[in-house]
Amino acid sequence: MNRPPNGFVRVATAVASGFVLVTAGFAWVAWAGIANVEGNLTVDRSLGGLLSSPSAQPAEGQDFTAENVLIVGSDTRTGQGSGFGSLDDASGNGHSDTTLLLHLSADRRSAFIVSIPRDSWVTRPGCKADGATDGSTTTGKFNTAFAVGGRACVIAAVKVLTGVPIDHFIEVEFKGFEAIVNALGGVTICSTHAISDPIRPDGHGGMKGSGLKIPKGTSTLNGKDSLKLVRARYIGDGSDLSRLDRQHKFLSAVIRQATTEDLLTNPVRLYDVLTQIAKAMTVDPGLSGDGLQEFLLSLKGLKPGDVRFYTVPVAPRGDGANVIWVTKDANKMWKAMIKDTAYPPHASKPSAIATAATATSRPSASPSTNPGSASVAGTAADTTCLS
């Protein structure tokens, strides 16, 4: 059996971007025995009928069609104590802290990821406890979809809110994310200032804070501290969008860590990382068996610098806690996914977007960015520090 070229492994593991494109890491085992790692995946067979069935054939000269993947990070915190938020947060409420929509271009030369703020105030399909829609609509926070009806409900919500066909679904349990980071040997990040989020009374009889401490400069975070960083709710301005900005930058750091030669040339460590990735994930049936192998092999030409992160353009709702989508600007993202065209629209192709073309929009004390602007953390190859 031929050993995969380092470039392929580098891209496959890099495109994983933590818990986002982390499935691409399985490309290595396309040669090394995919069944050994696939056996650690959880496959939700009930999702098959909720996702798009490929109908279009690849365009002439291309081997693949464009695909959209919905990724959620589940935040069931039972058994993790109050170190990641309030006592309510630690009770296993089943909300999803993180929802991302990934678009892979048909030529597999580019990808972009859009974060959906959990505090988005939306009108979505009503769901039963089993996730089936009940014909009604309901208005409230976006992340209640996962709490009410699980995977099926959040798929239905995203399809209605964006109009984007969903080809695949991935759920990553955040406790598994901690194991992934530890298998990587930690993740190196930098910060322009010291970060401190002590556990303290919340003023309502409970506790808040993560206990996270990061010095100014460069640090290597283990799994537990990494989990604190991506989930922390009480650092910076305390907004959900500030947290998403930290997540984007951290995921870029994960990509850089996963593409080091130290990992890619060490089959034992690499296999351990991939095994931890598999254990953390629940996927749709299309990402199992031959479908998984075909999906991963399609990513062999994608480079870290071709993966960009965005956040849905939002504006304050006016209640000091939630945001509403700037529909006109958000629709440009969804149109680019549906039509498989460049985003931003003025770019000649997605992979041609210059890192400096759009500065990251910094959220204010309110939970919004500038209305109509898509917050962007650059490409997965950037080394932007936490600020």
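Residues numbered from 1 in each chain as written. Predicted model: local features only at pLDDT ≥ 70, side-chain atom pairs only at ≥ 80, totals over all residues. Heavy atoms only, no water.

**Topic: the overall build of the chain**
Across its full length, the chain holds 11 helices and 18 strands. For the chain, buried positions account for 56% of its 387 residues. Of the contacts made within the chain by residues no fewer than 6 positions apart, 70% connect residues no fewer than 24 positions apart. Surface exposure of the chain reaches about 15000 Å², of which carbon and sulfur atoms provide 51%. (Helix = DSSP H or I, 4+ residues; strand = E, 2+ residues; numbered from the N terminus. Buried < 20%, exposed > 50% of the residue type's maximum accessible area, 1.4 Å probe, protein only. Contact = heavy atoms within 4.5 Å. Areas by Shrake-Rupley, 256 points an atom, 1.4 Å probe, with all protein chains shown as cover.)

**Side note on helix 6 (residues 223–231)**
By the criterion of burial, helix 6 is predominantly enclosed, with 7 of the 9 residues buried. When helix 6 is considered as a whole, its buried residues turn out to be Gly223, Ser226, Leu227, Lys228, Leu229, Val230 and Arg231. Among the structural elements, strand 3 (96–104), helix 5 (174–183), strand 12 (212–214), strand 13 (217–221) and helix 7 (240–258) are those in contact with the buried residues of helix 6. You can read the cap of helix 6 off the contacts: a side-chain oxygen lies 3.3 Å from the backbone nitrogen of Lys224, and it is on Asn222. (Polar contact = N/O pair within 3.5 Å; in protein donor to acceptor, adjacent residues only side chain to side chain.)

**Section: the nonpolar core**
Residues Ile170, Val187, Ile189, Leu229 and Phe250 are the most contacted members of the largest nonpolar core, which totals 50 residues. With 6 residues, helix 9 (residues 267–280) is the largest single contributor of residues to this core. If near-sequence neighbours (up to four positions away) are discounted, Phe250 is found in contact with Phe177, Val181, Val187, Ile189, Leu221, Ser226, Leu229 and Val230. Grouped together as the second largest cluster of nonpolar side chains are 35 residues, Phe112, Trp325, Ala330 and Met333 included. (Core = buried A, V, L, I, M, F, W, Y, C linked by side-chain atoms within 4.5 Å.)

**Looking at the side chain of Asp197**
Inspection of the secondary structure puts Asp197 in strand 9 (residues 195–197). A distance of 2.9 Å separates the side chain of Asp197 from the side chain of Arg200, its partner in a polar contact. Only 2.7 Å separates the side chain of Asp197 from the side chain of Ser210, close enough to count as a polar contact. Setting aside chain neighbours within four positions, we find Asp197 in contact with Gly209, Ser210, Gly211, Leu212, Ala232, Tyr234 and Ile235.

**Points about the environment of Gln293**
For Gln293, the location among the structural elements is in helix 10 (residues 289–297). Note: C-alpha distance between Gln293 and Glu38 (255 residues apart in sequence) is 9.8 Å.

**Observations concerning the pairing of strand 7 (residues 168–173)**
Burial analysis of strand 7 places 5 of its 6 residues in the buried class, which makes it a mostly covered element. Examined bridge by bridge, strand 2 (residues 67–74) and strand 7 share 6 bridges and lie parallel to one another. Paired with Gly73 across the strands is Val172, a residue of strand 7. (Pairing = 2+ DSSP bridges.)

**Digging into the state of the cysteines**
Taken as a whole and judged by the stated rule, the model has 2 disulfides. With a sulfur-sulfur separation of 2.1 Å, Cys127 is cross-linked through a disulfide to Cys153. Here Cys127 and Cys153 share a disulfide; its torsion about the S-S bond, 90 degrees, makes the bridge right-handed. Of the two residues, Cys127 is situated in strand 5 (residues 121–127) and Cys153 in helix 4 (residues 144–162); the sequence distance between them amounts to 26 residues. Just as Cys127 is buried, Cys153 falls in that class too. The disulfide partner of Cys190 is Cys385, and the S-S distance across this bridge is 1.9 Å. (Disulfide = S-S within 2.5 Å.)

**Notes on the packing of helix 6 against helix 7**
Remark: helix 6 packs on helix 7, axes separated minimally by 8 Å, with the N-to-C direction vectors making an angle of 140 degrees. If you check the angle between helix 6 and helix 7, you find them oblique. Of helix 7, the residues touching helix 6 (which contributes Ser226, Leu229, Val230 and Arg231) are Arg243, Arg246, Gln247 and Phe250. In the contact of helix 6 with helix 7, the residues fall into 3 nonpolar, 2 polar and 3 charged. (Axes fitted to C-alpha atoms, helices over the stretch in contact; angles between N-to-C directions. Parallel < 35°, antiparallel > 145°, perpendicular 65-115°, else oblique. Nonpolar A, V, L, I, M, F, W, Y, C, P; charged D, E, K, R; others polar.)

**Some remarks on the environment of Gly140**
Among the structural elements, Gly140 can be located in strand 6 (residues 133–141). Expressed as a C-alpha distance, the spacing of Gly140 and Ser120, which sit 20 residues apart in the sequence, is 8.0 Å. Setting aside residues no more than four positions away along its own chain, Gly140 makes contact with Ser120, Trp121 and Val122.

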